[in-house]
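Reading the structure
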Amino acid sequence: MNLKWLSSILVAIFSIAAIIFIIMGNFNFAVLAMTIMFAVSNGFRAKSFKEQGYIKEAKWMKYMAIFFSIASIVVFIIILTD
């Protein structure tokens, strides 16, 4: 499977999950789905930028992906302890 297709499918799945959780009123899980979506999209975007030769932008996207990955872990821990 193409990497671009995989990233698009993952982002779509987590976007739909966030919308469903918002409709259900479960905002903690909606925030978790959105942070995971941002982490995945920024990670794939960093890889794409690096392949295109945009090193500075790839570095920025990598750090954004790391930030949202850490945020996802923190939100997950908050959900577990709530």
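Per an unreviewed UniProt entry, the chain is named Aspartyl/asparaginyl-tRNA synthetase, and its organism is Lysinibacillus agricola.

Examining the packing of aromatic side chains
Enumeration according to the criterion identifies four aromatic pairs in this entry. Measuring from ring centre to ring centre gives 5.2 Å for Phe67 and Phe68, while their planes differ by 70°; the resulting arrangement is edge-to-face. Each member of the aromatic cluster is reached from another via a ring pair, and the members are Phe38, Phe67 and Phe68.

Quick look at helix α1 (residues 3-24)
With 22 residues, α1 extends 32 Å from end C-alpha to end C-alpha; this agrees with the ideal 32 Å at 1.5 Å per step. Backbone geometry just after α1 places Gly25 at a positive phi near 85°.

Focus on a nonpolar patch on the surface
On the surface, a nonpolar cluster with roughly 460 Å² of combined accessible area is contributed by Tyr63, Ile66, Ile70, Val74 and Ile78. Inspection of the secondary structure assignment puts Ile66 in helix α3 (residues 55-81).

Quick word on the packing of helix α2 (residues 27-52) against α3
One way to put it is that α2 packs onto α3 with a least axis distance of 8 Å and a crossing angle of 160°. Of the possible angle classes, the one that applies to α2 and α3 is roughly antiparallel. Between α2 and α3 lies a crossing whose hand is left-handed. In terms of residue class, the contact of α2 with α3 is made up of 18 nonpolar, six polar and four charged.

Rules of the game
- Residues numbered from 1 in each chain as written.
- Predicted model: local features only at pLDDT ≥ 70, side-chain atom pairs only at ≥ 80, totals over all residues.
- Heavy atoms only, no water.
- Phe/Tyr/Trp six-rings, centres within 6.5 Å; stacked < 30°, edge-to-face > 60°.
- Helix = DSSP H or I, 4+ residues; strand = E, 2+ residues; numbered from the N terminus.
- Expected span 1.5 Å × (residues − 1).
- Patch = residues over 30% accessible without salt bridge, like charges linked within 9 Å, V, L, I, M, F, W, Y side chains within 5 Å.
- Areas by Shrake-Rupley, 256 points an atom, 1.4 Å probe, with all protein chains shown as cover.
- Salt bridge = Lys/Arg side-chain N within 4 Å of Asp/Glu carboxyl O.
- Axes fitted to C-alpha atoms, helices over the stretch in contact; angles between N-to-C directions.
- Parallel < 35°, antiparallel > 145°, perpendicular 65-115°, else oblique.
- Left-handed = near helix turned anticlockwise from the far one by under 90°.
- Nonpolar A, V, L, I, M, F, W, Y, C, P; charged D, E, K, R; others polar.

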